[in-house]
Amino acid sequence: MSCHAPGAGSGATATAQRPAGTPFVALVGNPNVGKSTLFNALTGAHQRVGNWPGKTVSVAQGDWRTSRGSRPLRMADLPGSYSLLPDSPDEALVRDVLTAPAGERPDAVVFALDAANPARNLYLLSQILDTDIPVVVALTMTDVAARRGAPPGPDALARELALPVVRVEGRTGAGLDLLADAVWNALDAGPRSPGRTSAWAAGSPVAAELTELAAAASGQTPHPARWLAVSLLCGEEPPAVPAALAHRAGAAADRLTAAARAAGKGTGEGGTDTGFDLDTDAELLVAEARYAWAHAVMERAAPRPAGARPTLTDRVDRLLLSRGFGIPFFLAVMWGVFQATTVLAKPLQDGLGDFVTGPVSSGADRLLDAVHAPGWLTGLLVDGLISGVGQLLTFVPLMIIMFLLLALLEDSGYFARAAFVADRLMRTLRLPGRAFLPLVVGFGCNVPALAGTRILNRRSHRLLVGLLIPYMSCTARLAVYVMIAGVFFGSNSGTVVFFLYVASVLLVVGMGLILRPLLFRDMKEEPLVLELPPYRLPTLRVTGAQVWQKLSAFLRTAGGIIVATAAAVWLLMAVPAAAGHGGFGKVDVEQSVFGTVTRATAPLVAPAGFGDWHATAALGTGLIAKEGVISTLAQTYSAEEDGDPKLTASLHATFEESSGGHQRAAALAFLVFILAYTPCFATLAAQRAEIGTRLTVIGFGIQLAAAWLLSVGVFQIARLVW
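So, a few notes on the structure that sits alongside this text. Owing to the predicted nature of the structure, the values given are computational and were not obtained by experimental measurement.

A closer look at the packing of helix H7 (residues 205–217) against helix H8 (residues 225–233)
No. 1: For the pair H7 and H8, interaxial distance at closest approach is 8 Å and the crossing angle is 120°. One element, H7, and the other, H8, form an angle in the oblique class. The element H7 and its partner H8 pack so that their crossing is right-handed. Contacts between H7 and H8 pair Leu210, Leu213, Ala214 and Ala217 from the former with Ala225, Arg226, Leu228, Ala229, Val230 and Leu233 from the latter.

Focus: the nonpolar core
No. 1: Core analysis: the largest hydrophobic core is formed by 89 residues, its most contacted members being Ile484, Phe610 and Phe670.
No. 2: Of all the elements, helix H25 (residues 663–676) adds the most residues to this core, at 12 residues.
No. 3: If near-sequence neighbours (up to four positions away) are discounted, Ile484 is found in contact with Leu633, Ala667, Phe670 and Leu671.
No. 4: Core analysis: the next-biggest nonpolar cluster, separate from the first, contains 38 residues, Val59, Leu124, Leu157 and Ala294 among them.

Examining helix H2 (residues 89–98)
No. 1: The element H2 is extensively covered by neighbouring structure, given that 8 of its 10 residues are classed as buried.
No. 2: Within the sequence span of H2, burial applies to Glu91, Ala92, Leu93, Val94, Arg95, Asp96, Val97 and Leu98.

Quick look at the environment of Gly44
No. 1: Assignment of secondary structure puts Gly44 in the loop between helix H1 (35–43) and strand S2 (47–51).
No. 2: For Gly44, a relative accessible area of 36% gives the class partly exposed.

Here's the deal with the pairing of strand S5 (residues 108–114)
No. 1: With 7 of 7 residues buried, S5 is to be regarded as a mostly interior element.
No. 2: With burial as the criterion, each face of S5 is covered, one bearing Ala108, Val110, Ala112 and Asp114 and the other bearing Val109, Phe111 and Leu113.
No. 3: Relative to S5, strand S1 (residues 24–29) is paired through 5 bridges, and the arrangement is parallel. The residue bridging Val28 from the neighbouring strand is Phe111, located in S5.
No. 4: Sheet analysis places S5 next to strand S6 (residues 135–140), joined by 6 bridges and oriented parallel. Bridge pairing in S6 links Leu113 to Leu139.
No. 5: Of the crossover connections in this fold, the one passing from S5 over helix H3 (residues 118–129) to the parallel S6 is right-handed.

Rules and cut-offs
- Residues numbered from 1 in each chain as written.
- Predicted model: local features only at pLDDT ≥ 70, side-chain atom pairs only at ≥ 80, totals over all residues.
- Heavy atoms only, no water.
- Axes fitted to C-alpha atoms, helices over the stretch in contact; angles between N-to-C directions.
- Helix = DSSP H or I, 4+ residues; strand = E, 2+ residues; numbered from the N terminus.
- Parallel < 35°, antiparallel > 145°, perpendicular 65-115°, else oblique.
- Left-handed = near helix turned anticlockwise from the far one by under 90°.
- Contact = heavy atoms within 4.5 Å.
- Core = buried A, V, L, I, M, F, W, Y, C linked by side-chain atoms within 4.5 Å.
- Buried < 20%, exposed > 50% of the residue type's maximum accessible area, 1.4 Å probe, protein only.
- Pairing = 2+ DSSP bridges.
- Right-handed = clockwise from strand over helix to strand, strands pointing away.

Spelled out as structure tokens, the structure:
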């Protein structure tokens, strides 16, 4: 468990929007523990959603009206979090709110504890207890826990935690009145003392060092003293920490690390060897102590009966995480995801595309003709805007399937297992195992793959994977591969296509090794620490809500850019470059502004062997969509797209002339350029939404440079053979 995270120790704090004198209660818990359902039950219609002050994270706030007290409690449903040592902006917000200076942090915390996964939840609770904010535990998911065996009872948990524990059911309202009474009692009692609920109460070396460090930190900063001591021991650097205190914390961390390494063990109960050996450091010792406390609490609160059989999850994991079966099963799942995003979406994409280009376009054409609209307006609306909308709609099936598969993998519990299996492979790029999934999806389509980077916790991981995904060879490129390879390589076209897919993987690895030290020098390889949740059947309501939320976000962010770009390119193809070449919307492509620009850029790719305007025009429309490469070649040669002998003969003649007699070498270089340069403007729009404008522009430039260098290199070497 790493204690380091981008933005840790930020000085920004934020407070809830509440009237003076109104108690502020924060609802905190892991993701998917029934927290939002509980919040809706407590606040009803008296809630609103918006960005937290000074942050870009959306938080729901509302008034909790109880039968006790003269005014309602102001409640905030903080984002689901696994730790106060943040790996994401959501977790950073939770950390900042709970560790704000006195008077700005919550007056009480309602901690939603999943009775079906209590040990995982208790890790976060142990961190919250370090803030000394009064805590009331709301025990959720008790029905799920009951189906899996004997769930921990609220009385037993309350005894072990020395905290009020209330069983609640957000859907029926059961236990909400008892929860309100417990919260008011906690508010009346005021700040709590550490007591035996702390993970540091067992007299271990970690506890001893933290006790001394917390005493020294008391009053030094506005942050909670024990939380500050833990953060410093883990290597965090909160703001305004005196140098002497930071130095003292560093010395304490060194002592703990030296003692653990000398003993060759961590701090497991009974002095058992934990296997950390020389890799042991203070942050791992702290994480281990928290987990040891959490498991000890559960052993006493809900002991497992002697001779109890392994659960279904345990038995399945023995198979899916084994060396012999785990990797093949993981690859089969990835293959299934790839197949689903290509095969299942294909007829839906074709149907939507045919519907837009057929009935919709023809209907709009007839309607505009009936009202005697000018030709340029008809072209703009039909060939520009409607065509752009059609391109956008073809991505919707891909996005739905992608988001549905992600939700199913995560909600079922397999997603954490997939990350575990792929972790060793991804460590070559210092990326977590779960980064493998969006990269594999990139073989189907780069747009949903970029949206899939949201599964990565760390911002640096999301940014690096977002820059690498465009190098994954999507199915839109496959159509171009097949056509060009069939024309120039005949019976060997399959081998050429296979080579391009292998080159795609090698390009991702190579660019990752180049970009990581250039743009992400501070990215560190982290130990993989995972809590494997039990397997469960995903619910239709939750899965559907996740898919809709992510799909609507994509349509809002990328949709406008895709449509506007398609319309802009149509305008360039409709405007004549000079007088005498036809009017607006009636000019040949070669004489349009678009054709003139592509002729001017043709010499730039002459060293790659395809310095002809037909090729550069196809590459230009390929920026809109790679399928446009084939249609543009056919249009510029006045040929049909599929198997027209005129198109085949024209391509041979063009590449023969532009390459100086090495047409197969030029064709291979052209295919490598198709592989390496920007997939489409939809990908750029998705990149901008996920990694920001600056990195999207940088990535665009790198893609063009890589495509030019690789295609030139391939041509210059291949011409020696062909």
